[in-house]
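# Observations on the model geometry
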Amino acid sequence: MYFLDRLINSYIFNFNSENVLSNIKVSIITVVRNGEKTIKDTIESVLSQTYSDIEYILIDGCSTDKTVEIINGYEKQISNFISEPDEGIYDALNKGILRASGDVVAILHSDDKFCNTHVCSDMIKHMDKTKAEFCFSDMVIVDNFSGKILRYYMASYFRRWMFRIGWMPPHPTCFIKRSLFDEFGMYSTDYKIAGDFDLLVRFFYGRKIRWSYLDQITIKMSGDGISNSGWRSKRLIFNEISRSLKSNGIWSLSIFQLIRYIIRMLEIIIKPKKGGCG
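Predicted model, so just to flag it, every value in this text is computed and none were measured. (Residues numbered from 1 in each chain as written. Predicted model: local features only at pLDDT ≥ 70, side-chain atom pairs only at ≥ 80, totals over all residues. Heavy atoms only, no water.)

## Overview of the confidence of the model for the chain
A low pLDDT score tells you not to read the predicted coordinates there in detail. With 89% of its residues at a pLDDT of 70 or more, the chain shows a mean pLDDT of 90. Between residues 10–18, whose pLDDT stays under 50, and residues either more than four places distant or in other chains, the model counts one contact. (pLDDT = per-residue confidence, 0-100. Contact = heavy atoms within 4.5 Å.)

## Description of the pattern of salt bridges
Side chains that differ in sign of charge can pair as their charged atoms come close. One pass over the full model with this rule turns up eight salt bridges. Between E133 and R210 there is a salt bridge, and its shortest N-O distance comes to 3.8 Å. Here the residue E133 occupies a position in the loop between α5 (119–130) and β6 (134–142), and R210 occupies one in the loop between α7 (195–206) and β9 (211–222), the gap between them amounting to 77 residues. Exposure remark for E133: the relative accessible area of 5% places this residue in the buried category. Overlapping salt bridges bring together E133, E183, R207 and R210 as one network. (Salt bridge = Lys/Arg side-chain N within 4 Å of Asp/Glu carboxyl O. Helix = DSSP H or I, 4+ residues; strand = E, 2+ residues; numbered from the N terminus. Buried < 20%, exposed > 50% of the residue type's maximum accessible area, 1.4 Å probe, protein only.)

## Quick look at helix α4 (residues 89–99)
Along an α-helix, residues three or four apart share an orientation, since each turn contains 3.6 residues. Across the 11 residues that make up α4, a large majority, eight, are buried. Taken residue by residue, α4 has Y90, D91, A92, L93, N94, K95, G96 and I97 as its buried positions.

## Observations concerning the packing of helix α8 (residues 230–247) against helix α9 (residues 257–269)
The relative placement of two packed helices is expressed as an angle between their axes plus a distance between the axes. In contact at an axis separation of 11 Å, α8 and α9 are set at 130° when each is read in the N-to-C sense. When the axes of α8 and α9 are compared, the pair comes out oblique. The interaxial crossing formed by α8 with α9 has right-handed handedness. Across the interface between the two elements, K234, I237, F238, I241 and S242 from α8 touch Q257, R260 and Y261 from α9. Within the contact of α8 with α9, the residues separate by chemical class into four nonpolar, two polar and two charged. (Axes fitted to C-alpha atoms, helices over the stretch in contact; angles between N-to-C directions. Parallel < 35°, antiparallel > 145°, perpendicular 65-115°, else oblique. Left-handed = near helix turned anticlockwise from the far one by under 90°. Nonpolar A, V, L, I, M, F, W, Y, C, P; charged D, E, K, R; others polar.)

## Some words on the state of the cysteines
Evaluation of the coordinates by the stated rule reveals zero disulfides. There is no disulfide at C174, and the cysteine sulfur nearest it, in C135, is 8.6 Å away. Judged by its relative accessible area of 1%, C174 falls in the buried class. (Disulfide = S-S within 2.5 Å.)

## Observations concerning the packing of aromatic side chains
Describing an aromatic ring pair means giving the distance of the ring centres and the angle of the ring planes. Under the definition given, this model contains 21 aromatic pairs. Pairing F158 with F163 gives two aromatic rings, centres 5.6 Å apart and planes at 85°, and the pair type is edge-to-face. Ring centres of F181 and Y187 lie 6.4 Å apart, and the angle between their planes is 45°; this geometry places the pair in the tilted category. The pair formed by F181 and Y187 is uniform in burial state, with each residue classed as buried. Directly above the aromatic system of Y205 lies the positively charged group of R160, at a separation of 4.0 Å from the ring centroid. (Phe/Tyr/Trp six-rings, centres within 6.5 Å; stacked < 30°, edge-to-face > 60°. Lys NZ or Arg CZ within 6 Å of the ring centre and 35° of its normal.)

## Overview of the pairing of β6
Of all nine residues that make up β6, nine are buried, and the element is covered over most of its length. In this sheet, strand β8 (residues 175–177) lies alongside β6 in antiparallel orientation, the contact comprising two bridges. Residue pairing across strands places F134 opposite I176, the latter belonging to β8. As defined by bridge partners, β6 adjoins β9 across eight bridges and the pair is classed as parallel. Considered in β9, the bridge of V142 is made with S222. (Pairing = 2+ DSSP bridges.)

Written out as structure tokens, the structure reads:
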């Protein structure tokens, strides 16, 4: 009888846990412009998720290639799709957030993918377990052609003070309670590259938010992203990070950002133990 009682109690616990999680709606937002080479994989990465309550929102910035044609092929599986001019990536993301009806918002860029089919389930379970408003994990940045891991973006050592050196949790891995956007606002369109950094600074320094880290690689990111390419982009993000810290009243020195590049070098050297992204 003891083992039967344990089996029944375990079933009831798991059943109730799944019911609680099924009440948490997740809005996933993808913004794209001329992404015909990668958008199909991104969409299918979202549609393959086993989590039961996902709202998928796609914002296109008037693509001139076959992006819209590819998206239309998934018309019945996408919750909300618009194609119209925007003022950049952060303006497009804000359009997605305004259309989101979920309790939790996640951003999946148009050339990124979830690492497996249960990322959403794992993140939501962890948020529910830790009562977090903001949850993040690890990701890998890969070469588009070879699939080789270029950088292992580890987040386990994150501390709030690290914003002062320009380091933040990997933005594409973040699952964010919608209420944080309502409280602190959306992405600032004053930035071309560091709008995500500025948003997270407002979250973490606006008050003591409840955050948690999931020890798992959840995102495979393309190495061709705008903030990853060229010295001009590095100079721009350097300046924008300094501007964000100053505008949010956070003391720092620009030279502190050099520490961020030391961390990045370590992320290039260190490789995931299990190959990175299943």
